[in-house]
Structures are given as C-alpha cells and as structure tokens.
Amino acid sequence: MARVLMKGNEAIAEAALKAGAEGYFCYPITPQSEVAEYLAKRMDEVGGLFLQGESELAVANMLFGAASTGKRVFTTSSSPGISLMQEAISYMAGAQLPCVIVNIMRGGPGLGGILPAQSDYFQSVKGGGHGDYRLLVLAPSTIQESVDLMMLAFHLADKYRNPVMMIGDGMIGQMMEPVEFPDHYEEPELPEKSWVATGAVGRKPHVIKSLFLDPYMLEKNSWELHEKYDQMKKEEVRYELYKVSAKNKIMIVSYGTTARICQTAIDQLEKEGISVGMFRPITLFPFPEPQIHKEAIKKNINDVLVVEMSTAQMMEDVEKAVLGKKPVNFFGRTGGVVPAPEEVKEQIMMLIEKQKKTKAKKKA
Amino acid sequence: MNLSAMRFQPPAISGGIIIIVGGYGSGKSEVSINLARYLVTSQSETTGPVSIVDLDIVNPYFRSREAAKELEKLGITSVNPSGGQFYADLPIILPEIKGTIERREGTVVLDVGGDDAGSRVLGSLANAFEGAEYELLFVLNANRPFTATAEGCLKMMSEIETASRLKFTGIISNTHLLEETNEETILDGLRLSHRVSDETSLPVRFLSALENILDEIDPKLIDVPVLPLNRLLLKPWE
Amino acid sequence: MDQQNQTIFARPDAMTETVTHYCPGCTHGIIHRLVAEALDDLGVRENTLGVAPVGCSVLIYNYFDTDFLEAPHGRAPALATGFKRMRPDMVVFTYQGDGDLASIGMSEIIHAANRGEKFTTIFVNNTIYGMTGGQMAPTTLPGQVTTTCPAGRDVSRTGYPIRMVELLAALATPAYLQRVSVHTPQHIIQAKKAVRKAFEYQLEDRGFSLIELLSTCPTNWGMTPSEASKWLAENLLPYYPLGCYKDFDKAEGDK
C-alpha cells in the first residue's frame, strides 16, 4: 500500500481494522474524537460494528461484553474518559479478556486541559482500577509506530488474554505524518479461543467472571495472573536506543512525543560536539528495567536524565531500574505544556557543568 | 520576494472574502496563513486591511490561531478567542467574525475546520454571507485517505457545499506528504486537481507547496498559479 | 413407557442440578425456573448467553446450563449490548435486581432500552437490597423499614419509589415492557407467559424487552414466606400496578 498522510487518531483506527478488529465502542472526548469520526465512516465499509455509548463507563462495559465473544474489539478515549473505564478494565483483567484500549492523554488531574500530557503513566502501568492486575502498555512515538503497535496490541491481547493499553499524548493523536499500512497484518499463530461464551453447544457452560468467593480460589487466580505478567516481563520488553555510544556521558530516558523532542536536542548537541544517547521504552509495562540498568551502569555514563510530560511519574521506575548506581535527574513539563528541544539542551548543559565541577573537585 | 515566487505565476486573488475549506488535514491552516501573508505583502494595493479568522471548531491542535503573533507582525488582524479560551476545544464563534464578514471591507481569509463537520459553522453564518461575493476554495491533498480519488473529492465537496450553504469557486492543489513530499507528489496531486476541475468545471485557482521543493521543479510542469508555502504550524521538535 | 410412571414435572434442561443458595420463600427460584422454561420451550438453551448482576442472584450462573458473563454492578445492559451487537444470532438476557437496575445501573438500562438493544431483561423487584443485608433501594415503598431507613422510607428526604416500566415506557424504542408478579400460582402462570413472550420478541428481532417481576424477600422484610406474599399483594400491587406498558404489536396498531 502507498504512503498516505494521516493524523495519528485516524491511523490508529485504520491499524485496528488491519489487525482484524470487528467492534469499536466510543464516547466523544478531545483530543481523540477523530478515531470515532473516522470509524463511523469506515466500520460500515468493512462490515464491522461502530457503537457510540452513553458514557465511558458503559463503553468499557460494552467492550467487556463484546470481548467475551472472542472477536477483536477496542475503544479509544482520553484521560478523564479512561478514568471512568477503570471499573470494566479491572473486571476484564480479572476475567482474562483480551481487548485494546487507547488513551490519547491530555493534561490532568480532573478535567485538566485538552493539550498533550503524559500524566496518566501511573494509571496505565500500575493498574488504574482495583485489585492485583497489570495491563500491557505500549507507547508509540511516531504515527507509523502507532500503526505498528496498534496491530501488535491486538496480537498481545489475544496471546495473554489480557487488556492491552496503548498510550500516546495528544500530539500523537493530532499530528500528521506519512504512514504505510500492510495489506494485512502478519502475526504469529495464536491458540484457539476455547474460552469464549458463545453458547453451550455440546459442552459445559462457560462463565466469564472475576468473582471468586473462596479466598483461596481468588488468591490462586491472582497468582496465575501474576505468572502471566512475569511471562510478559520475559518476552515482551521493547525499547529503542538512540545514538547510544561509549562517548555518551549522559543517557536520556524518555518515551512517546517527548522522546522526539529529545532526539532533536540530541541531534543539535551532536553538531556542537556533545554526545548524548537516549533509551526509549516502547513497552511501559513490562518496563525495560534490566535493560535500563545495563545501559545506565556503563562506565562512560555519569548521569541519567528522565524527560517526560508529567511531574516525574516514569522517573520512579527509572530510579528503580538504576538502583542508585548513577544519579537520576528529572526534567518535566506538564499540564499541556510541551517542552522545547532547547529546554532539554539546557538541562543537559547544566548536567555537563555539574559533571565538570565534580571532576574538578575530585582532582583538587 | 523569494525565488519560487519569481519563477511561478502568482495566484490571481486580489482580496475580498476568501473561505478555505477541505478535508481534515488537507493543509487548510497552512494555506490560509500563507495566503494571508501573500495578500498582505504582494497585493496590498487591492486588499485593504487583511484579517484571518480561525473558524476551526473541530481541531484542538495545529490551528491557524497558533500563528497569530507572527501574522500580527505583518499587520494581519487575527480574530481568535482570547485568554484561556484560545486553547479551548469549544465551538467559540466570536461576534467579531460575523461583523468582519458583514463589513465587506478589506480582505478576510476564513480558515474553516475539516470536512462537512467543520464546514457546518459556515451555515450558521449564512446571513452574513447573503449577497456577498466570496471565494470558496477546496484544499485538495491527494495523499489523504478520503480525497485520494476524484470520486472521494467530489463526494466531500458536495457534502461541504450542503453543510456550508455556499458554492465552490475553485480548487487549491495542496498535495503533500509533509517532509516526504517530492516533485512527483506535487505533480500527481495536480493531475488529480485537474480531474476534479474537469468534473466540476471549477478552476484550479492555484497550487501550493513548500518553497524548498518548488525551487527544484521546472516551472513548465505546473500550468496553474503557485503559492509558495512557509510552514508556521510546526511540531514541537521541528 | 409405563402409563403409571409418566413424567409430568421435571427440572428444565436449561437449569443445572446445583442447589440454589436462595432463602426459604425467596422468589428468585421461581423466576429462574420461568426463564429456564422459556429457553427450553423455544429450544434456544445452547444458543443463549445470560448476564449476571451484582445482587442476590450474583451466582445465577451456577444454576443455569447456559453460558454466562458476570457483570460489574449495574452494567449488565452494557455487557449485553456489547455481546449481542457482536453476536446478533444469539439469545441474550440480563437478570437484574432493583438496586442493580434502578439505582447504580439506571443509565445503562435506559440507554440500552432506548437504543432498542435486542436482548431481554428480567428485572426482579423486591424493593430492597437483599445481598448486602436489607438496605433501602430506589424501589423501597414509602414508610417501608430497611437498615438505611430504620424509621421507614421518608419520601421528603429520599423521594418516591421509581416505577421502572412506566419510566421506560416513556421511551419510543422499547418493544415490550410488562410488570407481573409471582406471589400466587395464578400470577406465576401470567408471569410465565410474559417471560416467554419477551424471549419470542427477541427471537423475532423486535427490539428491547423487559419484564419486571414483583418479588418477595422474606429474610430482609422480616416475614414468613406467606406473610411476605400477603404483604406484596397488599402493598406492592397498589403502587406497582401489573400490566403491559409497551407492546410492539399494539404500538404498530396505533399508527
């Protein structure tokens, strides 16, 4: 297929169709309403289901019902709407239902604003609803990557029988970039969905539930889920290294749109003879903890700099990964304010100054 | 005056009410901003005072209002919500907008939101347009999913006419793939614009493209006037 | 077959042999049976999905020989919507109490009914939260004593009980809305007809159907089963009149 120019929100919608999504449920919210508007036209063309629900609460529960058929289904929303969906997300995680949820994040807390933010990191990766569960969380930084990860999201949801969340800030949803779609999504074979609730024909009834009145059964279910999350940690960690070399003195850790801004800063600094590398997590759960640790403890690295559009949320996971072996610094803008490459450069220059002083002190 | 502007024939637009519509993401805002700049710098004898009105009620980001400061430096009045409302996704139609259209003085470039959904707002201003002479221009980008074919463009144009209660007067060929745009992209797009022009009997009023790409194209290959573009609505890392 | 030993009454195929957890005199058992008999009569057991509520009937899936989903409190109509839209070929029903449907799930039921979702809702109204120990429900009668209105429901503070079928009948879309009761054998026969008709309407693709069944809760009402039936007849029937509030056929006739 030829390259087309698409808005992130439209590309995400089209990618879902390419991955075989047959049902989409939605409630309007800025900055992701284009997904719904795009699919309101496209779902009819491909014979899938488009349904606008009465609230995000209902939409997430419609997704629960729809996922029980074993068909690929998804929803998209933005921060306040995702908060309302947490009930059903917890139930679906507990009942081990595959589905895909996209959060095009805006500034919060509360009604917040409509401009880009990454302040739903905790909500996404630490479990936004109640109970012992995790979502598999993917974070694209380009529109093409949004397409690729959206298709992967459906595969991973089926592979693990778990809700998968893709998070992008408002910029990912709203900006346009040229993208390419495969004619059809090639994916490794998946086991048959023997658990679906599509009629007790010649078999015992299937009950899809998260209720276990016996505490020992509930505990067993929770540990089974935990094992699944451990398997994700072993098999699904994804990340990208940008200009990482032995010449780096500083390693940036950043994801999504912020990583794009950091790339520009890194490229500009390179021209000025300053070498900085970046570690960009693509999966936020499982978080690339050992991989970040390995990069951070390298001899040439004096400082780690976390850059995100929040007041230091992913920062906590990076600190946990680095285990105090190197100083972990933070630079963040939030509330819809997007950092400029110049601001990132400034932070790096400050770190370099600090490093020089420390070196001078040591010599003295 | 830049190189491209000298090599190509400039758009034959001298002012008045110019309404820029088209599909989502066809590039209406960049075209509107650059057209306003062109009018104020090259056509100042005929335009009178130039203002640009951001009528985008569908897009929350990358709207022409983001270039307001730059435009005001050139003497272009930018009609936008002020204060915190500048950032809102509310459908704010300022009373000044109607006034600006009704006054019939000077030149107004209206940057309208995408698709028929974005054009509905023009219907609400129908009274102001009554009896007015205007240009309603369709921004065509052949690399966008719903306007990749002549049929797609005709369908969208008819939807926009219904929603806006106005009639098209021309087409702007603005086919691009952002940083991946090349000569072929532009010429393919122009071919589609001509096809749509043949079907609708509407003229291709001009072609718009980034200046650095235009610089490398043989002027003979482009048989319509050209508006060179300078991008003002940039991504944070650009 | 031996004429003397002919089976004249048996457990419906759509029910399992599991002994229910319901209290003596509770009418959930009767209503479960009415639903199971309708599924048997229509021959759709293997093609049916039930959606369980949160409430006393939360374990309903143990008693039915059909596939089931366990919904979050009040959201059964949203789950049923999602499921049925993906599998229009299946028979789908929600089974909900008055707290689940008329309080926390009010929004979901109204919108599902108004979209004309093609599933059936079995709405069991016993005017009280049974599962959590007898708290006030939106359907609790004026003056009725519960643990959260120990002096009796005071309508000046909590408003009047909600009449759900009347409320839903204000919508243009639903196909069939009827209120029945199960406190006497005669009423049970009428209720059975209504439940069956609701499923028939679903099979005929006519749209949303809901049967409200007035029910007793001897345990939380603090009455013997027979006292509870009498109390229902004397107190619930006057406030919640039985009858058909919406019928697709009649509505068509009106046009």
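Cut-offs applied
- Residues numbered from 1 in each chain as written.
- Chains lettered and ligands numbered in written order.
- Predicted model: local features only at pLDDT ≥ 70, side-chain atom pairs only at ≥ 80, totals over all residues.
- Helix = DSSP H or I, 4+ residues; strand = E, 2+ residues; numbered from the N terminus.
- Rg over C-alpha atoms; globule rule 2.2 N^0.38 Å.
- Buried ≥ 20, exposed ≤ 12 C-beta atoms within 10 Å, placed from the backbone.
- Contact = placed C-beta atoms within 7 Å.
- Axes fitted to C-alpha atoms, helices over the stretch in contact; angles between N-to-C directions.
- Parallel < 35°, antiparallel > 145°, perpendicular 65-115°, else oblique.
- Left-handed = near helix turned anticlockwise from the far one by under 90°.
- Nonpolar A, V, L, I, M, F, W, Y, C, P; charged D, E, K, R; others polar.
- Pairing = 2+ DSSP bridges.
- Right-handed = clockwise from strand over helix to strand, strands pointing away.
- Core = buried A, V, L, I, M, F, W, Y, C linked by C-beta atoms within 7 Å.
- Domains from an automatic or database assignment.
- Expected span 1.5 Å × (residues − 1).
- pLDDT = per-residue confidence, 0-100.

**Considering the overall build of chain C**
Secondary structure assignment for chain C yields ten helices and nine strands. The globule rule puts the C-alpha radius of gyration for 255 residues at 18 Å, and the 18 Å found for chain C is close to it. The burial tally for chain C puts 53% of its 255 residues in the buried class. Long-range pairs, those at least 24 residues apart, make up 67% of the contacts in chain C with a sequence separation of at least 6.

**Regarding the packing of helix 9 (residues 256-271) of chain A against helix 12 (residues 341-363) of chain A**
Residues and elements named next belong to chain A. Where helix 9 meets helix 12, the closest approach of the two axes is 8 Å, and the angle between their N-to-C directions is 60 degrees. The angle between helix 9 and helix 12 places the two elements in the oblique class. The interaxial crossing formed by helix 9 with helix 12 has right-handed handedness. On helix 12, the residues that touch Ile261, Cys262, Thr264, Ala265, Gln268 and Leu269 of helix 9 are Pro341, Val344, Lys345 and Ile348. Looking at the contact of helix 9 with helix 12 residue by residue, the class counts come to seven nonpolar, two polar and one charged.

**With respect to the sheet that holds strand 2 (residues 23-26) of chain A**
Residues and elements named next belong to chain A. The strand order 3-2-4-5-7-6-13 describes an open sheet built from seven strands, whose pairing is mixed. Because the sheet does not close on itself, it has two edges, and the strands there are strand 3 (49-52) and strand 13 (283-285). Between one strand axis and the next, the sheet turns by 20 degrees as a mean value, whatever way the strands run. Here strand 2 runs beside strand 3; their pairing, made up of four bridges, is parallel.

**A short note on the interface of chain A and chain C**
Note: interface size is frequently given as the accessible area lost on complex formation between the parts. Taken together, the contact pairs 32 residues of chain A with 28 residues of chain C. Secondary-structure elements contributing two or more residues to the side of chain A that touches chain C are strand 2, strand 3, helix 3 (56-67), helix 4 (79-95) and strand 9 (207-208) of chain A. Counting residues per element, the side of chain A that touches chain C draws most heavily on helix 3 of chain A, at seven residues.

**Quick word on the pairing of strand 5 (residues 134-140) of chain B**
Residue and element names in this part refer to chain B. Taking burial as the measure, the seven residues of strand 5 include five buried ones, the bulk of the element. Bridge count between strand 1 (residues 17-22) and strand 5: six bridges; the pairing is parallel. Its bridge partner lying in strand 5, Ile20 is registered against Leu137. Of the pairings in the sheet, the one linking strand 5 to strand 6 (residues 170-173) comprises four bridges and is parallel in character. Following the sheet pairing, Leu140 is matched in strand 6 by Ser173. Between strand 5 and its parallel partner strand 6, the chain crosses via helix 8 (residues 150-164), and the hand of that crossover is right-handed.

**Focus on the interface of chain A and chain B**
Listed per partner, the contact involves 25 residues of chain A and 17 residues of chain B. Listed by contribution, the elements that provide at least two residues to the side of chain A that touches chain B are strand 1 (4-7), helix 7 (170-174), strand 8 (176-179) and helix 9 of chain A. Here the residues of the side of chain A that touches chain B are counted per class, giving 14 nonpolar, six polar and five charged.

**Overview of the sheet that holds strand 15 (residues 328-332) of chain A**
All names here are of chain A. What the five strands build is an open sheet, ordered 10-12-11-14-15; its pairing is mixed. Two strands lie at the open edges of the sheet, namely strand 10 (239-242) and strand 15, each paired on one side alone. With strand direction ignored, the average angle separating the axes of adjacent strands in the sheet is 20 degrees. The pairing of strand 10 with strand 12 (residues 276-281) spans four bridges and is antiparallel. From the neighbouring strand, Glu240 faces strand 12, where its bridge partner is Arg280. Of the strands in this sheet, strand 11 (250-253), strand 14 (303-308) and strand 15 are in contact with helix 11 (residues 314-322), which crosses strand 14 at around 160 degrees. Helix 12 contacts strand 11, strand 12, strand 14 and strand 15 of the sheet and is inclined by roughly 160 degrees relative to strand 14.

**Side note on the arrangement of the chains**
Between all two pairs of chains that are in contact, chains A and C come out with the most contacts. Here chain B and chain C are not in contact; the least distance found between their C-alpha atoms is 24 Å.

**A look at the nonpolar core**
Membership of the largest hydrophobic core comes to 194 residues, with the highest contact counts inside it found for Leu63(A) and Ala153(A). With ten residues, the single largest contributor to this core is helix 6 (residues 143-160) of chain A. In this structure, this core is formed jointly by two domains, domain 1 (4-194 + 203-235) and domain 2 (240-363) of chain A, each of which donates at least three residues. Once you skip the residues sitting within four places of it in the chain, Leu63(A) turns out to touch Phe25(A), Val73(A), Thr75(A), Ala88(A), Cys99(A) and Gly82(C).

**A closer look at the environment of Asp13(C)**
Residues and elements named next belong to chain C. Turning to its location among the elements, Asp13 is positioned in the segment before helix 1 (28-42). Taking the C-beta count within 10 Å as the criterion, Asp13 has 14 such neighbours and is therefore assigned partly exposed. A sequence separation of 26 residues divides Asp13 from Leu39, and the C-alpha atoms of the two residues are 8.7 Å apart. Leaving out residues up to four positions away in the same chain, Asp13 has contacts with Asp40, Arg45 and Asp65.

**Some details on helix 12 of chain A**
Residues and elements named next belong to chain A. Its 23 residues give helix 12 an end-to-end C-alpha distance of 33 Å, which sits within 8% of 33 Å, the value for a rise of 1.5 Å per residue. Turning to helix 12, its buried residues are Pro341, Val344, Gln347, Ile348 and Leu351. Here the buried face of helix 12 lies against strand 11, helix 9, strand 12, strand 14 and strand 15.

**What to know about the environment of Gly243(C)**
Residue and element names in this part refer to chain C. Positionally, Gly243 belongs in strand 9 (residues 243-247). A tally of 10 C-beta atoms within 10 Å means that Gly243 is categorised as exposed. The spacing of Gly243 and Ala194 is 49 residues in sequence and 9.9 Å in space, taken between C-alpha atoms.

**Focus: the pairing of strand 8 (residues 226-229) of chain B**
All names here are of chain B. Both faces of strand 8 are covered, namely the face carrying Val226 and Pro228 and the face carrying Leu227 and Leu229. In this structure, strand 7 (residues 204-210) lies alongside strand 8, joined through four bridges in parallel fashion. Bridge pairing in strand 8 links Leu207 to Val226.

**Quick look at the packing of helix 10 (residues 289-296) of chain A against helix 11 of chain A**
Residues and elements named next belong to chain A. Orientation of helix 10 relative to helix 11, taken along the N-to-C sense of each, is 65 degrees, at an axis distance of 8 Å. Crossing geometry of helix 10 relative to helix 11 is assigned as right-handed. From helix 10, Glu289, Ile292, His293 and Ala296 reach across to helix 11, where they touch Val318, Lys320, Ala321 and Val322. Partitioning the contact of helix 10 with helix 11 into residue classes produces five nonpolar, one polar and two charged.

**A word on the confidence of the model for chain C**
For chain C, the average pLDDT comes to 95, and 96% of its residues sit at 70 or higher. Among the scores for the predicted complex, ipTM is 0.95 and pTM is 0.94.

**Focus: the environment of His21(C)**
Turning to its location among the elements, His21(C) is positioned in the segment before helix 1. Measuring from C-alpha to C-alpha, the distance between His21(C) and Leu59(C) comes to 8.4 Å, with 38 residues separating the pair along the chain.

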